[in-house]
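Secondary and tertiary structure notes
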Amino acid sequence: MLRGIRKASENWLGRGLMAAVMAVLAGSFAIWGINDVFRGFGRSPLAKIGDTEIPIDRFRQNYQDRLQQIGRELGRPLPADRANALGLDRQVLGEMIAQAGLDQRVGQMGLGLSDGDIARRITSDPKLQTVNGQFDRPRFEMILRNMGYSEQRFVAEQRQEILRRQILDSVSADLAAPKAWLDAVNQFENQERSIEYIALGLAQAGDIPHPTQEELNKYFDERRILFRAPEYRKIAIVTVTPAELAKWLEVSDEDLKQAYDQRRASFTTPEQRHVEQIVFPTLADAQAAADRIKNGAPFSDIARERGLKDQDIDLGTISKSRIVEPTVADAAFALKQGEVSEPLQTRFGAVLVTVLQIVPETTRPLAEVTPQLRSDIALERAKTQVQNLHDKIEDDRAGGSTIGEAAAKLKLPVNTYEVDRSGRDPDGKPLLNIPHGADLVKAAFASDVGVDNDPIDADGGYIWYDVAAIAPARERTLDEVKAEVEQRWRDDEIASRLKTKANDMIGKLNSGEQLAALAAADGLKIQKANNIKRGTASGAISAQMTDAVFQTAKDAYGSVAGDNSSQWVVFRILEVNTPALDANSPDHDRIAQTVERELSADLVGQYVARLEDDLGASVNASVLAQATGNSAPDTN
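So, on to the overall build of the protein. Helix and strand counts for the protein stand at 26 helices and 17 strands. Taken over C-alpha atoms, the radius of gyration comes to 36 Å for the protein, far larger than the 26 Å a tight globule of 636 residues would show. Taking the principal axes of the C-alpha coordinates as reference, the protein spans close to 100 × 80 × 80 Å. Considering the protein as a whole, with its 636 residues, one finds that 39% of them fall into the buried category. Taking the intrachain contacts of the protein between residues at least 6 apart in sequence as the baseline, contacts between residues at least 24 apart amount to 73%. With an accessible surface of roughly 35600 Å², the protein has 49% of that area assigned to carbon and sulfur atoms.

Here's what the structure looks like:
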């Protein structure tokens with residue numbers, strides 16, 4: 001639980017999910033709060049609690065709403081089968097049952113909310129207000145559109161939720177986090193440890209002879225599954241995207257010149273000037289300063305006399321369009337370098353302006369921008385050809401042509417790859433040059449030889465693929481993987497020797513020998529690491545080593561494998577320091593809020609579970625499966 005609290009408080013998603021437990025009866029208690037209610041019972045409503053039935057149509061609507069909401073947050077649709085594998089169907093239904101139970105309790109207790117109260121609550125929500133604190137009707141309507149809600153549905157659900165909250169807040173509000181719990185979380189999160197250690201390596205493992213054939217055969221026989229060849233699929237791919245087509249399109253010099261002339265402004269950096277200005281209360285003050293400057297007073301001295309620093313008067317090296325005040329812009333770009341303007345009346349007061357440096361306008365020559373222009377022109381032309389090529393390829397496929405045959409007619413390249421499910425070739429190397437490789441490999445392994453597959457949408461175009469051949473997974477012979485087997489045998493032998501040596505050292509250390517003496521005997525250097533915190537890794541201190549350090553008592557010795565088979569670490573805990581939790585610190589408030597949310601969620605879950613027991617809740621599991629497409633419809 002402590003690790004869960006710590007993780008939940010480290011990132012915005014975890015904090016949001018924990019807050020949502022109290023805002024919407026979320027899935028943390030949606031399933032276990034129902035107890036043993038998933039029982040099949042003929043053709044009946046999907047679920048029932050007390051005297052309230054939950055029809056399948058209402059569940060489907062809520063379920064689809066949740067799917068769409070998650071899809072919008074992810075930026076892509078969430079397939080129903082994937083959602084159900086994560087338990088979304090039961091979570092949604094669990095929430096509906098819990099809400100229906102709470103609504104019945106609301107009625108039993110005679111709770112109510114006037115139209116005026118619900119209106120005030122909605123219009124006072126900071127998320128629905130302008131920066132001036134006024135109700136933002138356009139934003140409200142936009143949120144409703146995004147949710148797919150009518151205003152009436154939103155108001156009705158808000159009313160129900162507020163009334164439910166009245167009950168739940170009476171159960172879980174104003175909980176104080178127990179000090180012992182706060183101290184435990186603080187210890188878990190903030191305790192630091194210091195260690196001394198020695199790292200055993202290849203030298204301490206000794207000479208490793210080559211394995212005999214008998215040893216190798218035995219090692220391989222015991223671990224055949226590790227060397228098994230995965231299934232490979234040969235995939236033929238035709239890519240028709242603007243970027244791919246653009247590689248083959250010719251762009252003439254005349255087209256380049258015409259495009260350059262049309263886009264010259266985008267290759268031009270306008271004149272810039274380093275401008276300074278001093279603002280005065282009145283034109284008379286500005287005129288007096290201008291007269292002094294004409295008589296030799298430096299512009300900077302005038303600024304200092306007015307108590308202004310360099311950053312107060314310096315506008316930087318800037319183009320004319322970036323100067324906010326038009327009067328100042330016109331004057332600054334009419335001056336010669338070093339000149340000071342006459343007093344100017346602006347919206348901000350009277351102003352004197354000077355120009356310290358002039359950076360002339362520059363235009364990149366055609367030769368310099370030709371590669372960019374050529375790419376841009378080819379890409380624009382390719383975009384217009386993508387749909388045309390798509391239609392031609394699909395027409396040929398409809399006539400019985402393979403992807404390769406259709407591509408050959410259009411003189412499009414066909415690339416063939418042989419990959420396993422992880423996208424690696426038979427040599428174990430990842431094929432990084434497959435366009436949209438992860439999506440393509442996943443789709444290919446869901447298909448078969450001879451199947452006409454729909455193209456994958458990609459980068460404004462399409463990728464067609466055919467599974468040309470399948471090499472089933474199989475067991476390899478020792479001869480095929482002998483080098484790999486020998487390396488694994490050697491790595492395991494090294495790790496075994498180092499572990500044995502480390503255990504031997506721990507025995508000696510526990511018997512009173514000193515770490516320094518053991519280190520010197522093996523030519524090792526004692527190293528130290530300070531301020532190690534749980535769950536972190538830094539430099540030579542790996543996450544695995546950190547875990548071992550926090551499982552060892554102060555002054556005790558421990559050992560742990562290193563990051564690879566040729567390293568083992570023996571260490572001693574020198575210091576354990578848990579900083580006191582300051583009751584007035586932000587850290588205390590954060591931990592307290594996290595613990596209080598956990599307590600509130602537990603209490604709410606227990607209350608809802610008891611409510612469902614009292615009212616009697618049941619779910620028709622077969623109807624639920626039908627509602628989410630996990631079984632055939634019941635025709636009885």
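The next thing to look at is the packing of aromatic side chains. Ring pairs (aromatic) are described by centroid distance and by the angle formed between their planes. One pass over the structure, following the stated rule, counts six aromatic pairs. With a centroid separation of 5.8 Å and an interplanar angle of 35 degrees, the aromatic rings of F220 and F227 are classed as tilted. Residue F220 is classed as buried on the basis of its relative accessible area, which comes to 3%. Ring geometry for Y260 versus F267: centroids 5.8 Å apart, planes at 15 degrees, classification stacked. Taken individually, Y260 and F267 each receive the classification buried, so the pair is uniform in this respect. Among the aromatic residues, ring-to-ring pairing joins F135, F140 and F154 into one connected group. Between the NZ or CZ atom of R153 and the centre of the ring of Y149, over which it lies, the distance is 3.9 Å. One residue, R233, lies across the ring of F445, its end atom 5.0 Å from the ring centre.

What follows deals with the sheet that holds strand 7 (residues 314–319). Hydrogen bonds along the backbone pair up the strands of a sheet, which may run parallel or antiparallel. What the four strands build is an open sheet, ordered 7-6-9-8; its pairing is antiparallel. Taken across any chain shown, the strands that pair with only one partner, and hence form the sheet edges, are strand 7 and strand 8 (344–346). On average, adjacent strands in this sheet sit at an angle of 40 degrees to one another, irrespective of strand direction. Two elements, strand 6 (residues 272–280) and strand 9 (residues 349–359), share nine bridges in a ladder whose sense is antiparallel. Pairing of I278 across the sheet is with L352, part of strand 9. Packing of helix 15 (residues 283–294) onto the sheet brings it into contact with strand 6, strand 8 and strand 9, and relative to strand 9 it is tilted by some 40 degrees.

Helical geometry note: an α-helix holds 3.6 residues per turn, so side chains three or four residues apart project in the same direction. Over its 22 residues, helix 6 (residues 88–109) extends 31 Å from the first C-alpha to the last, a length consistent with the 32 Å expected when each residue adds 1.5 Å. Among the 22 residues in helix 6, 16 count as buried, and that is most of the element. Immediately beyond the C-terminal end of helix 6, within one or two residues, lies G110, with a positive phi of roughly 70 degrees.

Counting 40 residues, the largest nonpolar core has F59, Y63, L88, L93 and I97 as the members making the most contacts within it. The element contributing the most residues to this core is helix 6, with nine residues. Residue contacts for F59: discarding those within four places in its chain leaves L46, D89, V92, L93, M96, L624, A627 and T628. In terms of nonpolar packing, the next biggest core, distinct from the first, is built from 26 residues, I208, F220, I506 and A519 among them.

We now examine the side chain of N190. Tracing the sequence through the fold places N190 in helix 10 (residues 179–190). In this structure the side chain of N190 is engaged in a polar contact, spanning 2.7 Å, whose partner is the side chain of N186. A polar contact of 3.0 Å, which involves the side chain of N190, links it to the side chain of D587. Leave out the neighbours within four places in its chain, and N190 touches K533, N577, P579 and D587.

Examined against the element boundaries, S194 turns out to sit in strand 3 (residues 192–200). At a separation of 3.3 Å, a polar atom in the side chain of S194 contacts the side chain of N530. Residues within four places of S194 in sequence aside, it is in contact with A529, N530, N531, R572, I573, L574 and E575.

All right, on to helix 15 then. The first and last C-alpha atoms of helix 15 sit 16 Å apart over 12 residues, in line with the 16 Å expected at 1.5 Å per residue. Among all positions of helix 15, only A286, A289, A290 and I293 are buried. With its buried residues spanning 105 degrees around the axis, helix 15 presents them on a single face. On its buried side, helix 15 packs onto strand 6, helix 16 (299–305) and strand 9. Among the residues trailing helix 15, G296 stands out with phi positive, at a value near 115 degrees.

Our next topic: the environment of K383. Within the secondary structure layout, K383 lies in helix 19 (residues 366–398). On the basis of relative accessible area, K383 is assigned to the partly exposed category, the value being 46%. Along the sequence, K383 and G460 sit 77 residues apart, while their C-alpha atoms lie 7.8 Å from each other.

Now for the pattern of salt bridges. Scanning the model with the defined rule gives 43 salt bridges in all. Its salt-bridge partner being R292, residue E305 comes within 2.6 Å of it at the nearest N-O pair. Linking E305 in helix 16 with R292 in helix 15, this pair joins segments that are 13 residues apart in sequence. On the accessibility criterion, E305 (53% relative accessible area) is exposed. For R292, a relative accessible area of 37% corresponds to the partly exposed category.

Our focus in this paragraph is the confidence of the model for the protein. Looking at the protein as a whole, its pLDDT mean stands at 85, while 92% of the residues score no less than 70. In this model, residues 632–636 is a region of pLDDT below 50 whose contacts with residues beyond four sequence positions or in other chains number five contacts.

Rules used in this analysis
For every chain, the first residue of the written sequence is number 1, and numbering continues from 1 onward in sequence order. Totals for whole chains, interfaces and linings use all residues, but because this is a predicted model, local features are given only for residues with pLDDT of at least 70 and pairs of side-chain atoms are given and counted only at 80 or more. With hydrogens and water stripped out, all remaining heavy atoms of the structure feed into the side-chain values. Runs of E in the DSSP output that reach at least two residues are strands. Runs of H or I that reach at least four are helices, and both are numbered from the N terminus. All radius of gyration figures rest on C-alpha atoms, and the globule criterion is 2.2 Å times the number of residues raised to 0.38. Note on exposure labels: buried denotes an accessible area under 20% of the residue type's maximum, exposed denotes more than 50%, and partly exposed covers the range between, all computed with a 1.4 Å probe on protein chains only. Contacts are residue-level and defined by heavy atoms, with any inter-residue pair within 4.5 Å sufficient. Note on areas: Shrake-Rupley, 1.4 Å probe, and residue coverage restricted to the protein chains presented here. Classification of ring pairs rests on two measures: the distance between centres of Phe, Tyr or Trp rings, Trp counted by its six-membered ring, which must be within 6.5 Å, and the angle between planes, read as stacked under 30 degrees, edge-to-face over 60 and tilted in between. Each ring is checked for a lysine NZ or an arginine CZ that lies within 6 Å of its centre and within 35 degrees of its normal; such an atom marks a charge sitting over the ring. Paired strands, as defined in this entry, are two strands with at least two bridges between them according to DSSP. In this description, a line fitted to the C-alpha atoms serves as the axis of each element, helices being fitted only across the stretch in contact, and the angle between N-to-C directions of two axes falls anywhere from 0 to 180 degrees. To estimate the expected span of a helix, subtract one from its residue number and multiply by 1.5 Å. We call a set of buried residues a nonpolar core when its members are Ala, Val, Leu, Ile, Met, Phe, Trp, Tyr or Cys and they connect through side-chain atoms within 4.5 Å of each other. A 3.5 Å cut-off defines polar contacts: any pair of N or O atoms within that distance qualifies, except that in protein one atom must be a possible hydrogen donor and the other a possible acceptor, and neighbouring residues in sequence count only when both atoms are side-chain atoms. By arc we mean the arc of the directions from the helix axis to the C-beta atoms, nothing more. Every case where a carboxyl oxygen of Asp or Glu lies within 4 Å of a side-chain nitrogen of Lys or Arg is listed as a salt bridge. Per residue, pLDDT captures the predictor's confidence, and it can take any value from 0 to 100.

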